[in-house]
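Each chain, letter by letter, is given below.
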Amino acid sequence: MIGKTFVPAVLLLLISGYASAGLLDNIQKGLDMLSTSSDATQKAARPISDEEEYFLGRAVAARILETYPLLKEPKLTEYVNSIGMVLVLHSEKPYTHGGYHFAILDADEMNAFACPGGTIFITRGMLKAVTNEDELAAVLAHEIAHVSHGDGIASITKSRWTEAVTIIGSKAAQNYGPQELSRLTGIFEGSIDDIVKTLVVKGYSKSMEYDADKTAVSYLVKTGYEPGAMKDFLERMVSRGKASEGGILKTHPGTLDRIDTVRAEIPKETADPSRVSRRTNRFSAAWN
Amino acid sequence: MNRNHLITASLFLIAMAAMVSAETVTVITRENTVREDCRFLAPAKAKVQFGDQLDVTAVEGDWFRVKFQNVKGCIHKNAVREKTAALTDVSGKGYRATHDEVALAGKGFNPEVERAYREKHPELDYAAVETIEAYRVSDESLKAFITAGGLNQP
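All values derive from a computational prediction rather than experimental measurement.

1. Quick look at the environment of Ser274 of chain A
Residues and elements named next belong to chain A. Here Ser274 is to be found in helix α14 (residues 273–286). For Ser274, a relative accessible area of 44% translates into the label partly exposed. Considered as a pair, Ser274 and His142 are 132 residues apart in the sequence and their alpha carbons are 24 Å apart.

Right, here's the structure in full:
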């Protein structure tokens, strides 16, 4: 009895210890064959890859830059990127295919946009609306959460992606023929329209916005920023009557509801006031 | 199933797990860094590019200890794809999604599609997008920024 168990056991351990790449390839090929029958179904469910999200995000960024010019202020841009990157490294998705990049748009309008893949825009108007680094971090954290949650990508019409997958899934098409490329480019363009429309005109769903607010608070806590910074910012918007104006607040759910959602997420412990003050000083200095 | 079969099946699973742990991971970001320790902003030991294969020697939380061209270090799990993690879950959803992504790598919305889109829309300022993508905050600057602002190290 021992012998019967021992022999296969030794063989298996030998396989595990000395398996060559060729053996692993053969195992993989076998598994491939087993799964071939359900390939079509699986492909229909294939999510958009990080690489595809990157190309979509670049196009969305280019479209946004058609309306809003880029503000070329190296010192301020580096400051915003520094805040953004620290938050990103405390997020659940610290790396995307092309990485996170933060840029300032030269517009008075108070707004911020998260392109799929990690390019995040904030307007000059928004930078003026926040009063310190912690509030700025809160706005950026909210946008990072949209990237991390894949909210931009989720606005692509399902039927559009299903059609794309049908073309992509053709194993014969290593390089697209002119017809396939034309169809795929059309779908790519339509997907970009879907995302831009959501970002600039329609806004995300209420639940996506509330989730982004909640996640933003968690990023602030992990990073060491004042957890109540988002609430402070939103409350000031309400008290100044800006909550019903255009820009970001036009495409977001009711500010009072957002304040309630955010308040529920804020832990009792606040950030060290002396550190907040230190950060506020460098926030002021970044403008000069 | 009798006892012998049970033991054999258990050993088979152990063997499969050992194979996976000795496998490689593939870099899925355009570029990334193999670091000395398994933490963000630890000293850089090697630069890696999209598609590079790294040998995994151990797993530490959200990090893989890897070997790349005789350099040993750490890379975050978010920057790589476990190419053969499929072997641990041949019947599950996780396997299939991963396998499809590997099989269709480079297909879909790729540089070829972007090129066709840009030809159709020459008015779009992709140069500005590339300027934005070139923004970098060095590790040293970021460390100094964190310290000066009394923030938490990631």
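2. A few points about the nonpolar core
Inside soluble globular proteins, nonpolar side chains tend to come together where they are buried. Ranked by internal contacts, the top residues of the largest apolar core, which has 70 residues, are Leu87 and Leu136 of chain A. Apart from the residues lying within four places of it in its own chain, the contact partners of Leu87 of chain A are Ala137, Leu140, Ala141, Ile144, Tyr219, Leu220, Thr223 and Tyr225 of chain A. Grouped together as the second largest cluster of nonpolar side chains are 45 residues, Leu56, Ala59 and Ile195 of chain A together with Tyr117 of chain B included.

3. A look at the confidence of the model for chain A
Residues and elements named next belong to chain A. Taken over all residues, the pLDDT of chain A has a mean of 83, while the share at 70 or more is 78%. Per-element averaging of pLDDT across chain A places helix α2 (residues 21–35) at the bottom with 41 and strand β1 (residues 101–105) at the top with 98. Low confidence marks residues 1–44, where pLDDT is under 50. Its contacts with residues over four positions away, or in another chain, come to 41 contacts.

4. With respect to the packing of helix α12 (residues 229–239) of chain A against helix α13 (residues 255–265) of chain A
All names here are of chain A. Look at α12 against α13: their axes get within 9 Å of each other, and the N-to-C directions meet at 160°. With respect to α13, the axis of α12 lies roughly antiparallel. The element α12 and its partner α13 pack so that their crossing is left-handed. On α13, the residues touching Met230, Lys231, Leu234, Glu235 and Val238 of α12 are Thr255, Leu256, Arg258, Ile259, Val262 and Arg263. Per-class residue counts for the contact of α12 with α13 are six nonpolar, one polar and four charged.

5. Brief notes about the pattern of salt bridges
Under the defined criterion, the tally for this structure stands at 29 salt bridges over all chains. A salt bridge links Asp50 of chain A to Lys93 of chain A; its shortest N-O distance comes to 3.6 Å. With Asp50 of chain A in helix α4 (residues 50–67) and Lys93 of chain A in the loop between α5 (74–89) and β1, the pair connects residues that are 43 residues apart, well separated along the chain. On the accessibility criterion, Asp50 of chain A (22% relative accessible area) is partly exposed. Given a relative accessible area of 14%, Lys93 of chain A falls into the buried group. The salt bridge involving Arg136 of chain B is made with Glu31 of chain B; its shortest N-O contact spans 2.9 Å. Of the two residues, Arg136 of chain B is situated in the loop between α4 (126–133) and α5 (139–148) and Glu31 of chain B in strand β2 (residues 31–35); the sequence distance between them amounts to 105 residues. The network of salt bridges with common partners includes Arg58 of chain A together with Arg30, Glu114, Arg118, Glu130 and Glu133 of chain B.

6. Overview of the pairing of strand β6 (residues 71–76) of chain B
Residues and elements named next belong to chain B. The pairing of strand β5 (residues 63–68) with β6 spans six bridges and is antiparallel. From the neighbouring strand, Val66 faces β6, where its bridge partner is Gly73. The turn linking β5 back onto β6 is made up of two residues, and Gln69 within it adopts a positive phi angle of 50°.

7. Let's talk about the side chain of Arg236 of chain A
Residues and elements named next belong to chain A. Tracing the chain through its elements places Arg236 in helix α12. Since its relative accessible area comes to 15%, Arg236 is described here as buried. In contact with Arg236, not counting residues within four places along its chain, are Ala129, Val130, Thr131 and Glu135.

8. With respect to the packing of aromatic side chains
All told, the structure shown has eight aromatic pairs over all chains when counted by the stated rule. Taking 5.5 Å as the distance between ring centres and 50° as the angle between the ring planes, the aromatic pair formed by Tyr68 of chain A and Phe113 of chain A counts as tilted. Of the two residues, Tyr68 of chain A is situated in the loop between α4 and α5 and Phe113 of chain A in strand β2 (residues 112–114); the sequence distance between them amounts to 45 residues. Considered together, Tyr68 of chain A and Phe113 of chain A belong to a single accessibility category, that of buried residues. With 5.1 Å between their ring centres and 65° between their planes, Phe40 of chain B and Trp63 of chain B make a pair best called edge-to-face. With a gap of 23 residues between them, Phe40 of chain B in the loop between β2 and β3 (44–49) and Trp63 of chain B in strand β5 connect regions that are remote in the sequence. When its relative accessible area of 8% is taken as the criterion, Trp63 of chain B is described as buried. Put simply, the rings of Trp161 and Phe188 of chain A together with Phe109 and Tyr117 of chain B touch in pairs and so form one group of aromatic residues.

9. So, α4 of chain A
An ideal rise of 1.5 Å per residue puts 26 Å on 18 residues; α4 of chain A measures up with 26 Å between its terminal C-alpha atoms. With 14 of 18 residues buried, α4 of chain A is to be regarded as a mostly interior element.

10. So, the sheet that holds β1 of chain A
Residue and element names in this part refer to chain A. Strand order across the open sheet formed by three strands is β1-β3-β2, with mixed pairing between neighbours. Among the strands making up the open sheet, the edge pair consists of β1 and β2. When the angles between neighbouring strand axes are averaged without regard to direction, this sheet yields 15°. In this structure, β1 lies alongside strand β3 (residues 119–123), joined through five bridges in parallel fashion. Along β3, the bridge assignment pairs Phe102 with Ile120. Running over the sheet, α4 touches β1, β2 and β3 and is turned about 15° from β3. Against the sheet, helix α7 (residues 133–149) engages β1, β2 and β3, with an angle of about 145° to β3.

Rules used throughout
- Residues numbered from 1 in each chain as written.
- Chains lettered and ligands numbered in written order.
- Predicted model: local features only at pLDDT ≥ 70, side-chain atom pairs only at ≥ 80, totals over all residues.
- Heavy atoms only, no water.
- Helix = DSSP H or I, 4+ residues; strand = E, 2+ residues; numbered from the N terminus.
- Buried < 20%, exposed > 50% of the residue type's maximum accessible area, 1.4 Å probe, protein only.
- Core = buried A, V, L, I, M, F, W, Y, C linked by side-chain atoms within 4.5 Å.
- Contact = heavy atoms within 4.5 Å.
- pLDDT = per-residue confidence, 0-100.
- Axes fitted to C-alpha atoms, helices over the stretch in contact; angles between N-to-C directions.
- Parallel < 35°, antiparallel > 145°, perpendicular 65-115°, else oblique.
- Left-handed = near helix turned anticlockwise from the far one by under 90°.
- Nonpolar A, V, L, I, M, F, W, Y, C, P; charged D, E, K, R; others polar.
- Salt bridge = Lys/Arg side-chain N within 4 Å of Asp/Glu carboxyl O.
- Pairing = 2+ DSSP bridges.
- Phe/Tyr/Trp six-rings, centres within 6.5 Å; stacked < 30°, edge-to-face > 60°.
- Expected span 1.5 Å × (residues − 1).

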